[in-house]
Amino acid sequence: MSDAEWWSLLRELDEPVAPVEHGLSPESLTRVMVEGVVPQSVLAVSNARVQPGAGDGLEMPRHFDRAATQGRFDRLAERLSEAYGCRCDVGLAQDSACFGSIWIPAEVSRSRTKRTRIPLSLSVSVSNFGGLAACGSSAPWAHTSHLHPDDRARIEGALSGLDYLLVPEHILAAPYDGPNGWVFGPTNDATWSTRFFEPL
């Protein structure tokens, strides 16, 4: 996909949780951003849009199918475990637009830090939204890591076999400028990775 197609897809998935047309003024959203507190009026409008048992639009889409998402996630964990010849640990996310992550151990990964060549464990995360996926080093200190082409090919093979879409790193690293910026508070240094793969 081209960058323009990625932006179109992400913006389509990122529906406004509390849109102005449902009775919220720009002033009330500004107040949320400045004060960092969500007023009852904003919560009421947001909650009014949520059907019982449905997603809230922020952590999960409104027509979220948890069982189907869990089944596809479990199959991805199996495919990655087969691709690497070992069991890959899994974890489900909470209070996040990320459904869960799968960790590939450093001893089977071919990816290394650029300067020291230290083996890296990898993580593959999937979002609750649109089958989006992200991958990279699971070591928070490994900012200068390099995803080895062999690892990239194995991960992409497992993802594409289940119709996940691997979002390019430069798209995820771009500053978040979508309609739900009020969620991230007055500083709003969020990225698109924050929106779809990190705690909210």
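Our structure is the block above this text.
K.L.:
Help me understand helix α4 (residues 66–84) in this model?
P.N.:
Along an α-helix, residues three or four positions apart point the same way, because every turn accommodates 3.6 residues. Given a rise of 1.5 Å per residue, 19 residues ought to cover 27 Å, and the 27 Å separating the end C-alpha atoms of α4 matches this to within 8%. Elements that come into contact with the buried residues of α4 comprise β1 (89–92), β2 (98–104), β4 (122–127) and α5 (149–160). Between the side-chain oxygen at the start of α4 and the backbone nitrogen of Ala67 there is a gap of 3.3 Å, and the oxygen is on Asp65. Gly85 sits one or two residues past α4 and shows a positive phi near 70°.

K.L.:
Hey, could you run me through helix α1 (residues 3–13) in this one?
P.N.:
Considered for burial, the residues of α1 that qualify are Trp6, Leu9, Leu10 and Leu13. One side of α1 holds all its buried residues, which, seen down the axis, span an arc of 95°. Along α1, exposed side chains directed more than 90 degrees from the buried face belong to Ala4 and Glu12. Buried residues along α1 sit in contact with β5 (132–137), β7 (165–166), α6 (169–172) and α7 (192–197).

K.L.:
Mind showing me how you'd approach the nonpolar core here?
P.N.:
Note on soluble globular proteins: their nonpolar side chains tend to be buried together. Core analysis: the largest hydrophobic core is formed by 23 residues, its most contacted members being Leu76, Leu80, Ile104, Val124, Ile155, Leu159 and Tyr164. When residues of this core are traced back to their parent elements, those giving at least two are α4, β2, β4, β5 and α5. Per-element tally for this core: the top contributor is α4, with five residues. Apart from residues lying up to four places away in sequence, Tyr164 is in contact with Arg72, Phe73, Leu76, Val126, Gly131, Leu132, Ala133 and Leu159. Residues Leu9, Val167, Leu172 and Phe196 belong to the second largest nonpolar core, which totals 18 residues.

K.L.:
Would you explain the sheet that holds β1 in this entry?
P.N.:
Sheet strands line up and pair through hydrogen bonds in the backbone, either parallel or antiparallel. Pairing within the open sheet is mixed, and its five strands lie in the order β1-β2-β4-β5-β7. Only two strands of the sheet have a single partner each, and these edge strands are β1 and β7. Pairing analysis gives two bridges linking β5 to β7, with the strands arranged parallel. Looking at β7, one finds that Leu132 is bridged to Leu165. Strands in contact with α1 are β5 and β7; relative to β5, the strand with the most contacts, it is inclined by about 115°. Set on the sheet, α5 makes contact with β2, β4, β5 and β7; between it and β4 the angle comes to about 25°.

K.L.:
Just checking my understanding: could you explain the environment of Ser101 for this structure?
P.N.:
Relative to the helices and strands, Ser101 is located in strand β2. Relative accessible area serves as the criterion here: at 13%, Ser101 is assigned to the buried category. Sequence spacing of Ser101 and Ser125 is 24 residues, and the spatial spacing of their C-alpha atoms is 4.2 Å. Residue contacts for Ser101: discarding those within four places in its chain leaves Phe73, Asp89, Val90, Gly91, Val124 and Ser125. At 2.7 Å, the side chain of Ser101 and the side chain of Ser125 are in polar contact.

Parameters and conventions
Residues numbered from 1 in each chain as written. Predicted model: local features only at pLDDT ≥ 70, side-chain atom pairs only at ≥ 80, totals over all residues. Heavy atoms only, no water. Helix = DSSP H or I, 4+ residues; strand = E, 2+ residues; numbered from the N terminus. Expected span 1.5 Å × (residues − 1). Contact = heavy atoms within 4.5 Å. Polar contact = N/O pair within 3.5 Å; in protein donor to acceptor, adjacent residues only side chain to side chain. Buried < 20%, exposed > 50% of the residue type's maximum accessible area, 1.4 Å probe, protein only. Arc of directions from axis to C-beta. Core = buried A, V, L, I, M, F, W, Y, C linked by side-chain atoms within 4.5 Å. Pairing = 2+ DSSP bridges. Axes fitted to C-alpha atoms, helices over the stretch in contact; angles between N-to-C directions.

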